[in-house]
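Chain by chain, the residues:
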Amino acid sequence: MQKHIIEYDTSLDALISVTKRLSTYENRYHMMSESFFDKYRKGQMGDDIEFVEWSNDYLHYLEIRLKVEKQLQNVA
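Note that the structure is a prediction, hence the values are computed from the model and not measured.

Would you mind showing me how to read the packing of helix α2 (residues 33-41) against helix α3 (residues 49-75) here?
Between two packed helices, both the angle of their axes relative to each other and the distance between the axes serve to describe the pair. Packing of α2 against α3 leaves a shortest axis separation of 10 Å and a crossing angle of 120°. As α2 packs across α3, the resulting crossing turns out to be left-handed. Contacts between α2 and α3 involve Ser-33, Glu-34, Phe-36, Phe-37 and Tyr-40 from the former and Phe-51, Val-52, Trp-54, Ser-55, Tyr-58 and Leu-59 from the latter. Among the residues forming the contact of α2 with α3, the class breakdown is eight nonpolar, two polar and one charged.

Would you take a moment to explain the pattern of salt bridges for this structure?
Two side chains bearing opposite charge may form a pair once their charged atoms approach each other closely. Evaluated as defined, the whole model comprises five salt bridges. A salt bridge links Arg-41 to Asp-38; its shortest N-O distance comes to 3.6 Å. Note that Arg-41 and Asp-38 are positioned in helix α2 at a spacing of three residues, about one turn of the helix. For Arg-41, a relative accessible area of 59% translates into the label exposed. A relative accessible area of 30% means that Asp-38 is categorised as partly exposed. Taking the shortest distance from any N to any O, the salt bridge between Asp-38 and Lys-42 comes out at 3.2 Å. Connected through shared salt-bridge partners, Asp-38, Arg-41 and Lys-42 make up one network.

What is the right way to look at the environment of Met-45 in this model?
Mapped onto the elements, Met-45 comes out in the loop between α2 and α3. Each C-alpha atom, one on Met-45 and one on Asn-56, is 14 Å from the other, the two residues being 11 residues apart in sequence. With residues up to four places along the chain from it excluded, the contact list for Met-45 reads Met-31, Phe-36, Lys-39, Tyr-40 and Phe-51.

Please explain the nonpolar core as it appears in this structure.
Within soluble globular proteins, side chains that are nonpolar generally end up buried alongside one another. Of all hydrophobic cores here, the largest spans 16 residues; its most connected members are Phe-36, Met-45, Phe-51, Trp-54, Tyr-61 and Ile-64. Listed by contribution, the elements that provide at least two residues to this core are α1 (11-29), α2 and α3. With six residues, α3 is the single largest residue contributor to this core. With residues up to four places along the chain from it excluded, the contact list for Tyr-61 reads Leu-15, Val-18, Thr-19 and Leu-22.

Cut-offs and rules
Residues numbered from 1 in each chain as written. Predicted model: local features only at pLDDT ≥ 70, side-chain atom pairs only at ≥ 80, totals over all residues. Heavy atoms only, no water. Axes fitted to C-alpha atoms, helices over the stretch in contact; angles between N-to-C directions. Helix = DSSP H or I, 4+ residues; strand = E, 2+ residues; numbered from the N terminus. Left-handed = near helix turned anticlockwise from the far one by under 90°. Contact = heavy atoms within 4.5 Å. Nonpolar A, V, L, I, M, F, W, Y, C, P; charged D, E, K, R; others polar. Salt bridge = Lys/Arg side-chain N within 4 Å of Asp/Glu carboxyl O. Buried < 20%, exposed > 50% of the residue type's maximum accessible area, 1.4 Å probe, protein only. Core = buried A, V, L, I, M, F, W, Y, C linked by side-chain atoms within 4.5 Å.

Right, here's the structure in full:
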């Protein structure tokens, strides 16, 4: 598997992009990312490459969201 590096101008741009990717998975599998990730961590989803990517995207989403929330707290 080849690693892809995507750079964004802002954390908000990154959050929007990863949210769109999560939405694609959620629509395809009729499952919210949070529910998927819980099942994936428990070993209930298998190791299909798409599930690995979805899991990574969800972790990335959580990381970016936390960063954006901290930035917003500093502004308020």
